[in-house]
Amino acid sequence: MTLKALIFDFDGLILDTETPEYLVWKNIYQENGFDLPIAKWGSIIGGNGSSDFEPAEELPRLSQGRLDSVSLRARHHSKSNELILSQPILPGVMDLIRAAKESNRKLAIASSSPHSWVDAHMKRLGIFDSFDAIICRDDVAVGRTKPNPDLFLLALNQLQVQRDEAIVFEDSPNGIRAARAAGIFVVAVPNPITTMLDVSGADLVLKSLQDFRLTAFLRL
């Protein structure tokens, strides 16, 4: 491998948005007498290109119309955003960005979330200008987010690198499947929620990005 580019997921890898989002939905479900299994939530973490599960639509069905999706989404959005805004950049992210920059390697984001979400948070966190390309849901066809490979293939195209010249960092099974489908080496770095899911499809699994050393990886 001649490594020329590093491609990052955003949610759950750079910023842990996934733990607050799941816990808020889980609490809302429990308040109304229902459970939200982690396996079901896991089907849409990182992308729902192959899943039609939508928590704000499922709960009204379970309650037989007693609840409505609009008010549920508004409540979830308010509470989860409050928690997300208090989250720091995850450990190891900034060190890896600096290491990539110092060694003249390109950086990209490939996220199943929309630009309105990813770009806003990256600007808020002060890392937007560190990346050479930011690929989001808006940039691929409807229904072609992860686990489909489209986001990663577009990232390769915009970075002008081959699949064997890049490495992907992901936290979810959907993201791992997408990277594998694109033919790119993938490192799994699960967060507190995705540690409960199967990330064994990755080429390498780490507890934290702090454990990834770019120079050591290149020697290997």
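Please read these numbers as outputs of a predicted model, since none were measured by experiment.

Peer 1: Explanation requested: the overall build of the chain in the structure shown.
Peer 2: Of regular secondary structure, the chain possesses nine helices and six strands. Relative to the globule expectation of 17 Å for 220 residues, the C-alpha radius of gyration of the chain, 17 Å, shows essentially globular dimensions. Contacts in the chain between residues far apart in sequence, at least 24 positions, make up 65% of those at least 6 positions apart. Looking at the chain as shown, the accessible area adds up to about 10300 Å², and 50% of this sits on carbon and sulfur atoms. A gap of 2 Å separates the mean positions of the 23 positive and 28 negative side-chain charges of the chain.

Peer 1: So what exactly am I meant to see when it comes to the sheet that holds strand 6 (residues 204–205) here?
Peer 2: Within a sheet, each strand pairs with its neighbour through backbone hydrogen bonds, oriented either parallel or antiparallel. Strand order in the open sheet formed by six strands is 3-2-1-4-5-6, and the pairing between neighbours is parallel. The open sheet has two edge strands with one neighbour each: strand 3 (133–135) and strand 6. In this structure, strand 4 (residues 166–170) lies alongside strand 5 (residues 185–188), joined through four bridges in parallel fashion. By the bridge assignment, Glu 170 is partnered in strand 5 with Ala 188. Contacting strand 2 (106–110) and strand 3, helix 6 (residues 115–125) crosses the sheet at an angle of about 140° to strand 3.

Peer 1: When you look at the layout of surface pockets in this model, what are you seeing that I'm missing?
Peer 2: If you roll a probe as big as a water molecule over the atoms, it shows you where there is empty space left. Space inside the largest pocket adds up to approximately 790 Å³. Sorting the residues of the lining of the largest pocket by element identifies helix 1 (18–31) and helix 4 (69–84) as the ones contributing at least two each. Of the residues forming the lining of the largest pocket, the biggest block, five residues, is contributed by helix 4. Broken down by class, the residue content of the lining of the largest pocket amounts to eight nonpolar, eleven polar and seven charged.

Peer 1: Would you mind going over the environment of Phe 53 with me for this structure?
Peer 2: Within the secondary structure, Phe 53 is located in the loop between helix 2 (38–42) and helix 3 (55–62). Its relative accessible area of 9% is what places Phe 53 among the buried residues. In the structure, Phe 53 is positioned 13 residues away from Lys 40 in sequence and 7.8 Å away in space, judged by C-alpha atoms. The contact partners of Phe 53, leaving out residues within four places of it in the chain, are Tyr 29, Leu 36, Lys 40, Trp 41, Ser 43, Ile 44 and Glu 58.

Peer 1: How should I be thinking about helix 5 (residues 93–102) in this particular structure?
Peer 2: Since the α-helix turns once every 3.6 residues, residues separated by three or four places project in the same direction. Residues of helix 5 that are buried: Val 93, Leu 96, Ile 97 and Ala 100. Taken down its axis, helix 5 places every buried residue within 100° of arc, on the same side. Next to the buried residues of helix 5 lie strand 1 (5–8), strand 2, strand 4 and helix 9 (214–219). Just beyond helix 5, the residue with positive phi is Asn 104, at close to 60°.

Peer 1: Would you mind going over the side chain of Ser 112 with me for this structure?
Peer 2: Following the sequence through the fold, Ser 112 ends up in the loop between strand 2 and helix 6. A distance of 3.3 Å separates a polar side-chain atom of Ser 112 from the backbone nitrogen of Lys 146. Once residues lying within four places of it in the same chain are set aside, the contact partners of Ser 112 are Gly 46, Gly 47, Arg 137, Thr 145, Lys 146 and Leu 151.

Peer 1: Just checking my understanding: could you explain the pattern of salt bridges for this structure?
Peer 2: In a structure, side chains of opposite charge can pair up when their charged atoms sit close to one another. On inspection of all chains with the given rule, the structure shows ten salt bridges. Residue Asp 9 pairs with Lys 146 through a salt bridge whose shortest N-O separation is 3.0 Å. Of the two residues, Asp 9 sits in the loop between strand 1 and helix 1 while Lys 146 sits in the loop between strand 3 and helix 7 (150–159), which places them 137 residues apart along the sequence. Each member of the pair, Asp 9 as well as Lys 146, carries the same accessibility label: buried. With a closest N to O distance of 2.7 Å, Arg 98 and Asp 95 form a salt bridge. You can see Arg 98 and its partner Asp 95 sitting in helix 5, three residues apart, about one turn around the helix. Residue Arg 98 is classed as partly exposed on the basis of its relative accessible area of 42%. Linked by salt bridges that have partners in common, Asp 9, Lys 146 and Glu 170 make up one network.

What counts, and at which threshold
- Residues numbered from 1 in each chain as written.
- Predicted model: local features only at pLDDT ≥ 70, side-chain atom pairs only at ≥ 80, totals over all residues.
- Heavy atoms only, no water.
- Helix = DSSP H or I, 4+ residues; strand = E, 2+ residues; numbered from the N terminus.
- Rg over C-alpha atoms; globule rule 2.2 N^0.38 Å.
- Contact = heavy atoms within 4.5 Å.
- Areas by Shrake-Rupley, 256 points an atom, 1.4 Å probe, with all protein chains shown as cover.
- Lys, Arg positive; Asp, Glu negative; His and termini not counted.
- Charge placed at Lys NZ, Arg CZ, Asp CG, Glu CD.
- Pairing = 2+ DSSP bridges.
- Axes fitted to C-alpha atoms, helices over the stretch in contact; angles between N-to-C directions.
- 1 Å grid on protein atoms, 1.4 Å probe; cavity = no way out; pocket = protein on both sides within 12 Å on 5 of 7 lines; lining within 4 Å.
- Points joined across faces, edges and corners; volume = space filled by probe spheres on them.
- Nonpolar A, V, L, I, M, F, W, Y, C, P; charged D, E, K, R; others polar.
- Buried < 20%, exposed > 50% of the residue type's maximum accessible area, 1.4 Å probe, protein only.
- Arc of directions from axis to C-beta.
- Polar contact = N/O pair within 3.5 Å; in protein donor to acceptor, adjacent residues only side chain to side chain.
- Salt bridge = Lys/Arg side-chain N within 4 Å of Asp/Glu carboxyl O.

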